[in-house]
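Tertiary structure, described
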Amino acid sequence: MIPVLYPNTETKFETLGMGLLVDATKCVVTEELNGIFELHMTYPEGGQHCENLLAGNLIYASHDDTGKPQPFDIYNVTRQDGGEITVSAQHISYRLSSVPVKPFSAWYPWPAMQALAENVVMQTLFQFHTDLSMIKHFSIKKPTSVRSVLASENGMANAYGGDLQWDHFQVRLLEQRGADNGVVVAYGKNLQSAQQEANLRDLLTGIYPFYSKDGVYVDLLEQVLTLSNSYGYPRIQAVDLTGEFSEGAPTQSLLRQKANDYIKANAIREPKVNITANFIPLWQTDEYRELAPLEKVLLGDWVTVRFASLNAAPKARVTRTVYNTLLDRYDSVT
């Protein structure tokens, strides 16, 4: 896709705006699950419309295999020796960093999103949605920005365990982005290169759950919930579950249940594995054109990465994409 330049007042993106950025030599969009969403472009000095590549204007560009472009606010323009311009832009949703919201609280995700919309202190085009349903208290005790409420360490996405999706002026907190369409990335098929990193730092062989409040201490009769004995030596972590019980000390059964919930939620039975893969988008080739919908990969999807030399085929979730807008293909998927 050829990126399109717009003034910062644009909201519809139905015209060619200020013009096509036809001379771009590089344009990539990086998006991380519940993380950054940014565009970086290089453009020749003297290229078409380069005089309007200014901080505050918008670049409209594709960012993944859906073919649906997104708007990005230019926040930095650097002119370098050799006649090249470097442009940095962030997704239009970052405007929510400058929209304050008053304190509020709610017991469910949907009322929390409604309260967020009702307590902003200025008019905004952004709309908020969620498909999450659970009973969990969430509160903001002092004024802060909307984006911080959604995406910070103490924000809704972490509190409710959902995935944020930014789409123009629509903000969605989803139970889970992406799907498992059976896509396999493998050498000899579409994999060009890959790096795998395993981290054993957070891997445990068991946990020691406990409750401690107002002089009352409860632990399990067996003390340790053992997960595995296959790592050579014990890796046990004490887990304070006091905050899970608001009505006093738990029974053995309730403490054990919460401990098992903790094990499931934190996936501590397995090492953390990151795989960065560079692969050919088969959906663009004639051979795979009929399978195109199944071969596309989006942020949040589950894919199988087959390492023949390692006799391994781990299934991993896409947590980061770097999309080449000019070539309409990924540079890398993590």
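This text follows the structure it describes.
These notes cover the structure that comes with them. Not measured: the values here are computed from a predicted model.

**Focus: the side chain of Arg317**
With respect to the element layout, Arg317 can be found in strand S23 (residues 315-317). Here the side chain of Arg317 touches Asp163 through a polar contact of 2.3 Å, side chain to side chain. From its side chain, Arg317 meets the backbone oxygen of Arg177 in a polar contact 2.8 Å long. Setting aside residues up to four positions removed in sequence, Arg317 forms contacts with Leu33, Asp163, Gln176, Arg177, Gly300, Asp301, Trp302 and Thr334.

**Observations concerning the environment of Gln237**
Relative to the assigned elements, Gln237 resides in strand S20 (residues 236-240). Expressed as a C-alpha distance, the spacing of Gln237 and Tyr208, which sit 29 residues apart in the sequence, is 6.0 Å. Once residues within four sequence positions are removed from consideration, Gln237 is found in contact with Leu204, Gly206, Ile207, Tyr208 and Tyr262.

**Quick word on the packing of aromatic side chains**
Taken as a whole and judged by the stated rule, the model has 11 aromatic pairs. Where Tyr6 meets Tyr60, the ring centres are 5.9 Å apart and the plane angle is 90 degrees; that geometry is what we call edge-to-face. Remark: Tyr60 occurs in strand S5 (residues 58-61) and Tyr6 occurs in strand S1 (residues 4-6); sequence separation between them is 54 residues. By relative accessible area, which is 1% here, Tyr6 ends up buried. With 4.8 Å between their ring centres and 10 degrees between their planes, Phe13 and Tyr60 make a pair best called stacked. Of this pair, Phe13 sits in the loop between S1 and strand S2 (19-20) while Tyr60 sits in strand S5, and the two are 47 residues apart along the sequence. Taken individually, Phe13 and Tyr60 each receive the classification buried, so the pair is uniform in this respect. Through pairs of rings, three or more aromatic residues link up here, namely Tyr6, Phe13 and Tyr60. We note Arg147 situated over the ring of Tyr94; from NZ or CZ to the ring centre the distance is 3.7 Å.

**A word on the environment of Met134**
Mapping Met134 onto the fold places it in the loop between strand S10 (127-130) and strand S11 (138-140). Assessed through its relative accessible area of 26%, Met134 is described here as partly exposed. Residues Met134 and Trp110, 24 residues apart in the sequence, show an inter-C-alpha distance of 9.3 Å. If we skip the residues at most four places from it in the chain, Met134 touches Trp107, Tyr108, Pro109 and Tyr160.

**Overview of helix H1 (residues 109-118)**
If you check which residues of H1 are buried, you get Pro109, Ala112, Met113, Ala115 and Leu116. Projected down its long axis, H1 carries its buried residues within an arc of 160 degrees, all on one side. In this structure, the buried side of H1 is in contact with strand S8 (100-101), strand S9 (104-106), S10, helix H2 (146-151), helix H3 (156-160) and strand S14 (170-174).

**Some remarks on the pattern of salt bridges**
The final tally for this structure, using the stated rule, is 9 salt bridges. Across the pair Arg320 and Glu32 runs a salt bridge, and its minimum N-O distance is 3.1 Å. A residue pair is termed long-range when its members are at least 10 positions apart, and Arg320 in strand S24 (residues 320-324) and Glu32 in strand S3 (residues 26-32) qualify at 288 residues. The exposure class assigned to Glu32 is partly exposed, which follows from its relative accessible area of 27%. One salt bridge connects Glu222 with Arg256, and the closest N-O pair in it is separated by 3.1 Å. Here Arg256 lies in helix H4 (residues 252-266) and Glu222 lies in the loop between strand S18 (216-219) and strand S19 (225-226), a separation of 34 residues in the sequence. Under the relative-accessibility criterion, Glu222 is labelled partly exposed at 38%. On the accessibility criterion, Arg256 (26% relative accessible area) is partly exposed.

**Thoughts on the layout of surface pockets**
Approximately 220 Å³ is the volume found for the second largest pocket. Around the second largest pocket sit 15 residues that line it, and His63, Asp64, Thr66, Gln165 and Arg177 are the ones nearest its centre. For the lining of the second largest pocket, the element with the highest residue contribution is strand S13 (residues 163-167), accounting for 3 residues. Of the residues contributing to the lining of the second largest pocket, the split by class is 4 nonpolar, 5 polar and 6 charged.

**Description of unusual backbone geometry**
The phi angle at Gln223 is positive, at roughly 65 degrees, despite the residue not being glycine. In this structure, Asp328 takes a positive phi of about 55 degrees despite not being glycine. Along the polypeptide, Asp328 turns up in the loop between S24 and strand S25 (329-333). Note on Asp328: relative accessible area 27%, which makes it partly exposed.

**Topic: the sheet that holds S13**
Taking strand neighbours across the sheet as the criterion, the 3 strands line up as S10-S14-S13 in an open arrangement whose pairing is mixed. Among the strands making up the open sheet, the edge pair consists of S10 and S13. Across the sheet, the mean angle separating the axes of adjacent strands is 20 degrees when strand polarity is ignored. Judged from the 4 bridges that link them, S10 and S14 form a sheet pairing that is parallel. Within S14, the position partnered with His129 by the bridge is Arg172. Relative to S10, H1 is tilted by about 175 degrees, and along the sheet it contacts S10 and S14.

The rules behind the values
Residues numbered from 1 in each chain as written. Predicted model: local features only at pLDDT ≥ 70, side-chain atom pairs only at ≥ 80, totals over all residues. Heavy atoms only, no water. Helix = DSSP H or I, 4+ residues; strand = E, 2+ residues; numbered from the N terminus. Polar contact = N/O pair within 3.5 Å; in protein donor to acceptor, adjacent residues only side chain to side chain. Contact = heavy atoms within 4.5 Å. Phe/Tyr/Trp six-rings, centres within 6.5 Å; stacked < 30°, edge-to-face > 60°. Buried < 20%, exposed > 50% of the residue type's maximum accessible area, 1.4 Å probe, protein only. Lys NZ or Arg CZ within 6 Å of the ring centre and 35° of its normal. Arc of directions from axis to C-beta. Salt bridge = Lys/Arg side-chain N within 4 Å of Asp/Glu carboxyl O. 1 Å grid on protein atoms, 1.4 Å probe; cavity = no way out; pocket = protein on both sides within 12 Å on 5 of 7 lines; lining within 4 Å. Points joined across faces, edges and corners; volume = space filled by probe spheres on them. Nonpolar A, V, L, I, M, F, W, Y, C, P; charged D, E, K, R; others polar. Pairing = 2+ DSSP bridges. Axes fitted to C-alpha atoms, helices over the stretch in contact; angles between N-to-C directions.

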